[in-house]
Amino acid sequence: MVTTRRIEYPVDGTTMVGHLALPGGTDPRPAVLIAHEGPGITDHQRERADRLAELGYVAFALDYHGGGRFIEDREEMFARIDELLADPDRMRALAGAGLAVLTAEPRADTSRLAVIGYCLGGTLALELARSGVDLKAVVGFHPGLTSTRPEDAANITGKVLVCVGSEDPFIPVERRLAFEAEMRAAGVDWRMHLHGGALHSFTHPGLDPDPVARPGIGYHRPSAERAWRAMLDLFDEVFPAMV
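Going by an unreviewed UniProt entry, the protein carries the name Dienelactone hydrolase and comes from Streptomyces rapamycinicus. Looking at the protein in UniProt, the text filed under Sequence similarities (unreviewed entry) is "Belongs to the AB hydrolase superfamily."

Okay, structure coming up:
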């Protein structure tokens with residue numbers, strides 16, 4: 001039986017509100033950190049944590065805005081995204097604070113860690129990996145692929161998977177190619193799955209494509225399901241005891 005609890009934790013004077021999900025039993029389990037999309041933590045990420053716990057993982061959905069806040073205003077959201085993208089140290093600190101909560105959980109096997117992220121959360125996941133943290137797997141779902149310090153990819157220890165929509169206007173071909181070059185130059189064990197016909201945020205149920213209200217954004221169920229299976233395949237590879 002999965003048990004969950006809300007966890008408040010401080011980051012530079014701001015109270016973050018995350019969601020921890022634990023699988024049944026008492027033994028140490030591989031642990032997965034989850035970073036939410038740009039607007040903020042929602043039930044979607046909490047449910048991802050619960051679903052991973054059902055599969056036997058300790059999972060923690062972090063908060064990187066504070067107060068469990070969801071940013072409704074589009075301009076404010078993009079301003080926050082731009083602020084973080086310009087400051088990789090800040091992104092790494094926010095992700096690291098969430099990782100500290102996860103690894104403080106006694107059920108978390110700190111020798112078997114993974115991080116996954118959605119949208120800007122995917123960028124946080126990649127920046128955490130670029131900081132040199134010992135991670136076995138790093139997964140970005142429609143993540144921002146650019147970094148102001150791409151040379152730090154040499155610090156990545158785990159295997160990297162990014163899942164990108166072919167029609168995502170926020171991740172154009174040139175950014176995909178630049179990311180490929182970054183991973184190749186650093187000698188990272190990486191893979192990129194390109195999902196045909198998928199827009200940005202293709203993993204998020206309820207975000208039906210709307211070119212007026214949400215240009216370039218929309219849920220695509222086939223791609224969402226394939227990307228989730230690809231993540232689990234990677235976990236099976238890096239956490240063989242779970243198979």
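A. Focus on the nonpolar core. Judged by nonpolar contacts, the single largest core of 46 residues is most densely connected at Tyr9, Leu33, Phe60, Leu124, Val138, Val160 and Phe179. If you tally residues by element for this core, the top one is helix H3 (residues 88-104), at seven residues. With near-sequence residues (within four places) excluded, Tyr9 lies in contact with Thr14, Thr15, Met16, Val17, Gly18, Phe60, Leu62, Asp63, Ala97, Gly98 and Val101. Within the second largest apolar cluster, 29 residues are counted, among which are Val32, Ala53, Val139 and Phe141.

B. Structural detail: the sheet that holds strand S8 (residues 190-195). The strand order S1-S2-S4-S3-S5-S6-S7-S8 describes an open sheet built from eight strands, whose pairing is mixed. Here the strands that pair on one side only, and so sit at the sheet edges, are strand S1 (3-11) and S8. Shown here is a sheet whose adjacent strand axes are inclined to one another by a mean of 20°, direction ignored. In this structure, strand S5 (residues 108-118) lies alongside strand S6 (residues 137-141), joined through five bridges in parallel fashion. Paired with Val115 across the two strands is Val138, which belongs to S6. In this fold helix H1 (residues 43-54) packs onto S1, strand S2 (14-22), strand S3 (29-35), strand S4 (58-61) and S5, with an angle of close to 35° to the strand it touches most, S2. Strands S1, S2, S3, S4 and S5 of the sheet are contacted by H3, whose axis makes an angle of about 135° with S1.

C. Quick peek at the pattern of salt bridges. Under the definition given, this model contains 22 salt bridges. As a salt-bridge pair, Asp152 and Arg92 come within 3.0 Å of each other at their nearest N and O atoms. Of this pair, Asp152 sits in the loop between S6 and strand S7 (159-165) while Arg92 is found in helix H3, placing the two residues 60 residues apart along the sequence. Here Asp152 and Arg92 have matching classes, each one buried. Residue Arg130 is joined to Glu127 by a salt bridge in which the shortest nitrogen-to-oxygen separation is 3.1 Å. Here Arg130 pairs with Glu127, and both are found in helix H4 (residues 120-130), just three residues apart, close to one helical turn. Look at Arg130 and you get buried, because its relative accessible area is 1%. Through salt bridges with shared partners, a single network forms among Asp89, Arg92, Glu127, Arg130, Arg149, Asp152 and Glu182.

D. Representation of the side chain of Thr123. By the secondary structure assignment, Thr123 is in helix H4. Those residues in contact with Thr123 that lie beyond four places of it in its chain are Leu85, Met91, Pro143, Gly144 and Thr146.

E. Structural detail: the pairing of S2. With respect to burial, S2 is a largely interior element, seven of its nine residues being buried. Where S1 lies against S2, nine bridges are found, and the strand directions are antiparallel. Residue Arg5 lies in a different strand from S2, and its bridge partner there is Leu20. Hairpin connection, S1 to S2: the antiparallel pair is bridged by two residues, and Asp12 has positive phi, about 50°. Note that S2 and S4 share three bridges and pair antiparallel. Bridge assignment links Leu20 to a residue of S4, and that residue is Phe60.

Each value, and the rule that gives it
- Residues numbered from 1 in each chain as written.
- Predicted model: local features only at pLDDT ≥ 70, side-chain atom pairs only at ≥ 80, totals over all residues.
- Heavy atoms only, no water.
- UniProt positions renumbered as here; feature names shortened; annotations may be inferred.
- Core = buried A, V, L, I, M, F, W, Y, C linked by side-chain atoms within 4.5 Å.
- Buried < 20%, exposed > 50% of the residue type's maximum accessible area, 1.4 Å probe, protein only.
- Helix = DSSP H or I, 4+ residues; strand = E, 2+ residues; numbered from the N terminus.
- Contact = heavy atoms within 4.5 Å.
- Pairing = 2+ DSSP bridges.
- Axes fitted to C-alpha atoms, helices over the stretch in contact; angles between N-to-C directions.
- Salt bridge = Lys/Arg side-chain N within 4 Å of Asp/Glu carboxyl O.

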